[in-house]
Amino acid sequence: MSISFVTETPKKELPSIHEANKQSNQVVFDTKQLNLWYGDTHALKEVDLLIYEKEITAIIGPSGCGKSTYLKTLNRMVELVPTVKISGNITYKNKDILDRSFKVEELRTLVGMVFQKPNPFPKSIYDNVAYGAKIHGIRNKKILDEIVERSLKGAALWDEVKDRLKENAYGLSGGQQQRLCIARTLAIEPDVILMDEPTSALDPISTSKIEELIQTLKKDYSIIIVTHNMQQAARISDRTAFFLNGEVVEYDKTEKLFSNPNDKRTEDYITGRFG
Amino acid sequence: MASNSHNEDVRVRDLITEKRAKKSISQIFEKIIPIILFSFALITILTTIGIIYTLLVETIEFFKRVPIWDFFTGTVLRPLSQDPQFGVLPLINGTIISSVIAMLVAGPIGIMAAIYLSEYASDKIRRVLKPMLEVLAGIPTIVYGFFAFTFVTPLIRSIWPDVEATNILSPGIVMGIMIIPMIASLSEDAMSSVPNSIRDGAYALGATRLETTFKVVIPAALSGIIASFILGISRAIGETMIVTIASGSSKNFTFDITESMQTMTAYIVEVAGGDAGAGTTIYYSLYAVAMTLFVFTLLMNLLARYVSRKFREEY
């Protein structure tokens, strides 16, 4: 992967882009000068990014560019890596989420996450969906039944599993497991759903089902999706951020970024010249 | 190099064909070795069968002298008296009580240690602690035995004076200490083999570390944890030295843990170490008790296998 042209390209003009973006929806996440290190590796460099409510924001970039790291910073899952160091600011609806006083458990109930590989618990389909509600203190069987049904319907899985809710989740296909994980996230009614390459382990049919689902979820949730698949980003997202070597190279409306990118590096990446 | 390689290839191939063509010793070895290895495997199987056969024959001989019903329901064991009685219940009782005490000590401590090692300790701490825990498992049981008799018993008696000089409580506790590493180590293995992706799933829903441990990791590792408990019980039932030294040889049928009791194993030590002449009823009682013990531990091991299959949560 040759990126020798990096130095030739003009400086990005983030402020003007931010101005243009401010006309639309409300901001959910405002990231300012975010830097992150894993030990000595500088994984995120001066990241500035505004994420808007009830939109689908795609994050693209080659492997190791920091896109998953950025996503995991938004619900502080990145802190599970013992050597991590973070500086800068991220606010969620004007609250500083990197502040020690912001409880990480509370953040994660507002900001749900779906992972690259489906990771249901080794429990029944019902228990998987009810788990989040249960740990947050909901015990009433009737309410739980309702939450499970509503969440599975929300994840377009109800019709396929309604007769076997007591069966082990590992009996489902990969695509169904991933929709189950989405249902599990919906069950605690978050505001934002983070998706870390949610279709990379799935076949094309399951992928298109999940993409369809993501489109419908947009009505009620702000979605941030990391993807390796540029067609996917172009198909489903409203805005796209292009990450390279830990920096945001370009962030714009998806049509604009894919049809007329400002930065030479973005153009090279989306036309498949590297990555 | 390119021009040479072709020549060399041909030569190597010729050598191999040449070697193949020869009926070499190694070919004979290939055929003989499996037979030799099989016969060694057979030795272990035959030994087991032989032991069970001996146990059975001598046990049957014993039951010709003492009715089987009297043996399994008798609460009095007086092998050396003028009017000997051979009720095995005092021994079964002693065995169960000492094992229960051991598990009350080893179960909670073992599982807590496992949770700490698997879910909380940093890699560095785990790398130091786990080998140390396994050293504890390497201490000879005779050492635990006099540790129980010369240290733990006096300690208990200084707090609780009713406890007799030989009692079942002290060896029970010490057996528990002996079993801790086994339970901690096996349970830790079971918990650390639960994939991190499943933990991440729980954290992402806002679960705390404690909630993740108790509601996701432990249920997923339950089969391994239960199996470690059952193997621990099995170890306690078969343990001999500690109870022989610290629990005395009174064949009391009681539930009072301050008193001396005898376990099946300790009885076998006592009788085998005494001068029970071959052919006497006492001599045969040895086999009947050993058979009972064997059935106990066999059942425990079968149970452990059954449980670890039955409760396996697949991930």
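Residues numbered from 1 in each chain as written. Chains lettered and ligands numbered in written order. Predicted model: local features only at pLDDT ≥ 70, side-chain atom pairs only at ≥ 80, totals over all residues. Heavy atoms only, no water.

**A short note on the overall build of chain A**
A tally of regular secondary structure across chain A gives 11 helices and 10 strands. For 275 residues, the compact-globule estimate of 2.2 N^0.38 gives 19 Å, and the C-alpha radius of gyration of chain A, at 19 Å, lies within 12% of that figure. Principal-axis analysis of the C-alpha atoms gives chain A an extent of 60 × 45 × 40 Å. Every one of the 275 residues in chain A was classed for burial, and the buried ones make up 55%. Of all intrachain contacts in chain A linking residues separated by at least 6 positions in sequence, the fraction that spans at least 24 positions is 69%. Roughly 12,300 Å² of accessible area belongs to chain A as shown, and the carbon and sulfur atoms make up 48% of that amount. Averaging the locations of the 38 positively and 38 negatively charged side chains of chain A gives two centres separated by 4 Å. (Helix = DSSP H or I, 4+ residues; strand = E, 2+ residues; numbered from the N terminus. Rg over C-alpha atoms; globule rule 2.2 N^0.38 Å. Buried < 20%, exposed > 50% of the residue type's maximum accessible area, 1.4 Å probe, protein only. Contact = heavy atoms within 4.5 Å. Areas by Shrake-Rupley, 256 points an atom, 1.4 Å probe, with all protein chains shown as cover. Lys, Arg positive; Asp, Glu negative; His and termini not counted. Charge placed at Lys NZ, Arg CZ, Asp CG, Glu CD.)

**Details of the overall build of chain B**
Counting its secondary structure elements, chain B contains 12 helices and two strands. Along the chain direction, N to C, the helices and strands of chain B fall in the order α-α-α-β-β-α-α-α-α-α-α-α-α-α. At 27 Å, chain B has a C-alpha radius of gyration far larger than the 20 Å of a compact globule built from 315 residues. With the principal axes as the frame, chain B shows a C-alpha extent of 100 × 65 × 35 Å. A buried classification covers 39% of the 315 residues belonging to chain B. Surface summary for chain B: the accessible area is close to 17,400 Å², and the carbon and sulfur share equals 68%. Taken as two groups, the 24 positive and 25 negative side-chain charges of chain B have centres that lie 9 Å from each other.

**Regarding the nonpolar core**
Ranked by internal contacts, the top residues of the largest apolar core, which has 45 residues, are Leu152(A), Ile182(A), Met195(A) and Leu217(A). In terms of residue count, helix H4 (residues 125-135) of chain A provides more of this core than any other element does, five residues in total. When sequence neighbours within four positions are dropped, the list of residues in contact with Leu152(A) reads Ile125(A), Val129(A), Leu157(A), Trp158(A), Val161(A), Leu165(A), Leu180(A) and Ala183(A). Listed in part, the 38 residues of the second largest apolar core include Val28(A), Leu44(A), Cys65(A) and Tyr203(B). (Core = buried A, V, L, I, M, F, W, Y, C linked by side-chain atoms within 4.5 Å.)

**Quick word on the confidence of the model for chain A**
Summing up the model confidence of chain A, the mean pLDDT is 87 and the portion of residues at 70 or higher is 91%. A low-confidence stretch, residues 1-22 of chain A (pLDDT under 50), is modelled with 26 contacts involving residues beyond four sequence positions or located in other chains. (pLDDT = per-residue confidence, 0-100.)

**A short note on the interface of chain B and chain A**
The interface of chain B with chain A comprises 20 residues on the first partner and 23 residues on the second. Contact with chain A buries surface across chain B, with Ala204(B), Leu205(B) and Lys215(B) losing the most and accounting together for 35% of the total. Taken together, chain B and chain A are joined by zero salt bridges. The interface formed by chain B and chain A includes three residue pairs in polar contact (both at pLDDT 80 or more). With seven residues, the single largest contributor to the side of chain B that touches chain A is helix H8 (residues 196-204) of chain B. (Buried area = accessible area lost by both parts, 1.4 Å probe. Salt bridge = Lys/Arg side-chain N within 4 Å of Asp/Glu carboxyl O. Polar contact = N/O pair within 3.5 Å; in protein donor to acceptor, adjacent residues only side chain to side chain.)

**Re unusual backbone geometry**
For residues besides glycine, phi is generally negative; the peptide bonds are generally trans as well. For Glu189(A), which is not glycine, the phi dihedral falls at a positive 50 degrees. In this structure, Glu189(A) sits in the loop between helix H7 (174-186) and strand S7 (192-196).

**Topic: the pattern of salt bridges**
Residues and elements named next belong to chain A. Applying the stated criterion across every chain, the model contains 26 salt bridges over all chains. A salt bridge links Asp30 to Lys32; the shortest N-O distance between them is 3.3 Å. A salt bridge links Lys162 to Asp159, with the nearest nitrogen and oxygen atoms 3.8 Å apart. Asp159 gets classed as exposed once you look at its relative accessible area, which sits at 62%. Through salt bridges that share partners, Glu53, Lys93 and Asp191 make up one connected network.

**Some points on the sheet that holds strand S1 (residues 27-38) of chain A**
Residues and elements named next belong to chain A. The antiparallel open sheet is built from four strands, whose spatial order is S2-S1-S4-S5. Looking at strand neighbours, the two that pair on one side only are strand S2 (41-52) and strand S5 (95-96), the edges of this open sheet. Along the sheet, helix H2 (residues 67-74) contacts S1, S2 and strand S4 (84-92); its crossing angle with S1, the most-contacted strand, is approximately 120 degrees. (Pairing = 2+ DSSP bridges. Axes fitted to C-alpha atoms, helices over the stretch in contact; angles between N-to-C directions.)

**Let's talk about the sheet that holds strand S8 (residues 222-226) of chain A**
Picture the strands of a sheet paired through backbone hydrogen bonds; they go either parallel or antiparallel. Residue and element names in this part refer to chain A. Overall, mixed pairing links the six strands, which are arranged S6-S7-S8-S3-S9-S10 in an open sheet. Two strands in the sheet have a free side with no partner beyond their single neighbour: strand S6 (111-114) and strand S10 (247-253). Strand-to-strand twist across the sheet, computed as the mean angle between neighbouring axes with direction ignored, equals 15 degrees. As paired elements, strand S9 (residues 239-244) and S10 share six bridges and run antiparallel to each other. Each residue of the ladder has a partner; that of Arg239, found in S10, is Lys253.

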